Amino acid sequence: MWLALLAPPCCAACGERLRIDAALCAACLETLDPPPRLPAGTTAAFAFGGALVSLVHAAKYRGRGDAMRAAERLVRERLPPRAEIDCVVPVGLHRTRLAERGFDQAARLATAVGEALEAPVFVSALTRLRSTAQLAKLDAHARRAEGEGACVASPRLSGQRVLLVDDVHTTGATLRAAASAVAAVGGHTRAHVLAATVAG
Ligand SMILES: [Zn+2]
């Protein structure tokens, strides 16, 4: 524990020793590009590429705390205007995957975004659905949401302007499913992601 605290901080992407307090070393920061054009209402901190590829992978699949902390700092770039947001909600992991992985990357990023915007974060307001066993317990309304992409939103999001947060925007299907679930309870959404893939 003490040794970990005393060790000099290292770049979470390449392991290079950091001389200043930063998310990544200068060389890795140089590999980050601004995001590509995204659908209206969607913002991204960066394009998915360069050092972000190994960073996201290390945080997501290897559970590396240093990579997650770096991602939490980077996701605060290019945030949408605070005045247009009532609350921040992560695009949730399905419970089975959460159990396998032990932590929820989107929830960690949403918490970082909420802190930066000084907006409330509702970590469990969106539920991803997959299993038919879970579906059987839902009412007709929720089952329709499953048809639109396996997501159910809490009624507390009714009338709220919700900022959805996820790690990587690829096709946008996950965010669309989350947005339609929020719309189904009368909320409005925009989205912010750490990184967006460049088409083609
Ligand atoms: Zn580096």
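Residues numbered from 1 in each chain as written. Predicted model: local features only at pLDDT ≥ 70, side-chain atom pairs only at ≥ 80, totals over all residues. Heavy atoms only, no water.

*Asks:* Could you give an account of the overall build of the protein, with specific residues and numbers?
*Replies:* When helices and strands are counted, the protein shows nine helices and six strands. Scored against the burial criterion, the 200 residues of the protein give a buried share of 45%. Here the contacts in the protein between residues at least 6 apart in sequence split such that 72% fall between residues at least 24 apart. Per element, the accessible surface of the protein, about 10,500 Å² overall, is 55% carbon and sulfur. (Helix = DSSP H or I, 4+ residues; strand = E, 2+ residues; numbered from the N terminus. Buried < 20%, exposed > 50% of the residue type's maximum accessible area, 1.4 Å probe, protein only. Contact = heavy atoms within 4.5 Å. Areas by Shrake-Rupley, 256 points an atom, 1.4 Å probe, with all protein chains shown as cover.)

*Asks:* Can you tell me about the pattern of salt bridges, naming the residues and giving the values?
*Replies:* Under the criterion given, the structure shown has seven salt bridges. For Asp167, the salt bridge identified is with Lys60, shortest N-O distance 2.8 Å. Within this pair, whereas Asp167 is found in strand 5 (residues 161–169), its partner Lys60 is found in helix 3 (residues 51–60), the two being separated by 107 residues in sequence. By relative accessible area, which is 5% here, Asp167 ends up buried. Classification of Lys60 by relative accessible area gives buried; the value is 14%. For the salt bridge of Asp86 with Arg161, the shortest nitrogen-to-oxygen distance reads 3.0 Å. Of this pair, Asp86 sits in the loop between helix 4 (65–74) and strand 2 (87–90) while Arg161 sits in strand 5, and the two are 75 residues apart along the sequence. (Salt bridge = Lys/Arg side-chain N within 4 Å of Asp/Glu carboxyl O.)

*Asks:* Describe the coordination of the zinc ion, and please don't skip the residues or the numbers.
*Replies:* Coordination of the zinc ion by the protein involves Cys11 (SG), Cys14 (SG), Cys25 (SG) and Cys28 (SG), with metal-donor separations of 2.3 Å. Every donor counted, the four donor atoms about the zinc ion form angles of 105 to 115 degrees at the centre, which fits tetrahedral coordination. In the primary structure, the donors to the zinc ion are separated according to the pattern C-x2-C-x10-C-x2-C. (Donors = N, O, S within 2.8 Å, 3.2 Å for Na, K, Ca; no water. Tetrahedral: all angles 85-135°; square planar, octahedral: opposite > 155°, others 65-115°.)

*Asks:* Give a detailed account of the packing of aromatic side chains, specifying residues and quantitative values.
*Replies:* Between two aromatic rings, the relevant description is the distance of the centres plus the angle of the planes. Taken as a whole, this structure holds zero aromatic pairs when the rule is applied. Directly above the aromatic system of Phe46 lies the positively charged group of Arg78, at a separation of 5.3 Å from the ring centroid. Of note, Arg156 hangs over the ring of Phe122, and the distance from its end group to the ring centre comes to 3.8 Å. (Phe/Tyr/Trp six-rings, centres within 6.5 Å; stacked < 30°, edge-to-face > 60°. Lys NZ or Arg CZ within 6 Å of the ring centre and 35° of its normal.)

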